[in-house]
Amino acid sequence: QVHLTESGGGLVQAGGSLRLSCTAPERAIDNYAVAWFRQAPGKDREFVASISATLTNTYYEDSIKDRFTIRRDYAKSSVYLQMNSLRPEDTAIYYCAAKSGPPRAYDYEYDLWGQGSQVTVSS
């Protein structure tokens, strides 16, 4: 099992931007579908976006697809979540997760997880 690492979270004002990164040792992430999930206090973990190992297939939660972009950089062996026009309701811990096969939107299908990165959006 690979260990994923998220980075790039922080505190931003509403309307601002952040870019989250997800990496794994030895370029292991390059061979997996990767998804971003988020979980706010007292809320269920929810799907945000995902990308296939082949890069060309991406999927988004409807509420964020016009503001967030997921992409993969094979040269850096990283997956990014670019978050623009952030809103207070985007405040959550963001997790990256990986799996073999298609990048479906169900957290129970993912067996590799990072520890999470806090994103806080102030009003």
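Residues numbered from 1 in each chain as written. Predicted model: local features only at pLDDT ≥ 70, side-chain atom pairs only at ≥ 80, totals over all residues. Heavy atoms only, no water.

1. Things to note about the overall build of the protein chain
When its secondary structure is counted, the protein chain shows zero helices and eleven strands. Beginning at the N terminus, the succession of helices and strands in the protein chain can be written as β-β-β-β-β-β-β-β-β-β-β. The C-alpha atoms of the protein chain give a radius of gyration of 13 Å, which matches the 14 Å a tight globule of 123 residues would have. Each principal axis of the C-alpha atoms in the protein chain carries an extent, and together these give about 40 × 30 × 25 Å. Counting all 123 residues of the protein chain, 42% fall into the buried class. Within the protein chain, contacts between residues at least 6 apart in sequence are counted, and of these 57% link residues at least 24 apart. In the structure as shown, the protein chain presents an accessible area of about 6400 Å², 45% of it carried by carbon and sulfur atoms. (Helix = DSSP H or I, 4+ residues; strand = E, 2+ residues; numbered from the N terminus. Rg over C-alpha atoms; globule rule 2.2 N^0.38 Å. Buried < 20%, exposed > 50% of the residue type's maximum accessible area, 1.4 Å probe, protein only. Contact = heavy atoms within 4.5 Å. Areas by Shrake-Rupley, 256 points an atom, 1.4 Å probe, with all protein chains shown as cover.)

2. Remarks on the pairing of strand E11 (residues 117–122)
Burial along E11 is one-sided: Ser117, Val119 and Val121 are buried, while Gln118, Thr120 and Ser122, pointing the other way, are not. Relative to E11, strand E2 (residues 10–13) is paired through four bridges, and the arrangement is parallel. Residue Leu11 lies in a different strand from E11, and its bridge partner there is Thr120. In terms of strand pairing, strand E9 (residues 92–99) meets E11 through three bridges, oriented antiparallel. Considered in E11, the bridge of Tyr94 is made with Ser117. (Pairing = 2+ DSSP bridges.)

3. Some details on the confidence of the model for the protein chain
For the protein chain, mean pLDDT is 93; residues scoring 70 or higher make up 98% of the total. Per-element confidence in the protein chain is highest for E2, whose mean pLDDT is 98, and lowest for strand E10 (residues 112–113), whose mean pLDDT is 93. (pLDDT = per-residue confidence, 0-100.)

4. Some points on the sheet that holds strand E1 (residues 5–7)
Sheet architecture is open: four strands sit in the order E1-E3-E8-E7, paired in antiparallel fashion. Looking along the sheet, the strands with just one partner apiece sit at the ends: E1 and strand E7 (68–73). For this sheet, the mean inter-axis angle between neighbouring strands, taken without regard to orientation, is 20°. Sheet topology places E7 next to strand E8 (residues 78–83); six bridges connect them, and they run antiparallel. Directly across from Phe68, in E8, lies its bridge partner Met83. (Axes fitted to C-alpha atoms, helices over the stretch in contact; angles between N-to-C directions.)

5. So, the environment of Leu86
With respect to the helices, strands and loops of the structure, Leu86 is situated in the loop between E8 and E9. Owing to a relative accessible area of 2%, Leu86 belongs among the buried residues under this scheme. For Leu86 and Arg67, which are 19 residues apart along the polypeptide, the C-alpha to C-alpha distance reads 7.8 Å. For Leu86, the residues in contact, after removing those within four places along its chain, are Val12, Ala14, Gly15, Gly16, Ser17, Leu18, Arg67, Phe68 and Val121.

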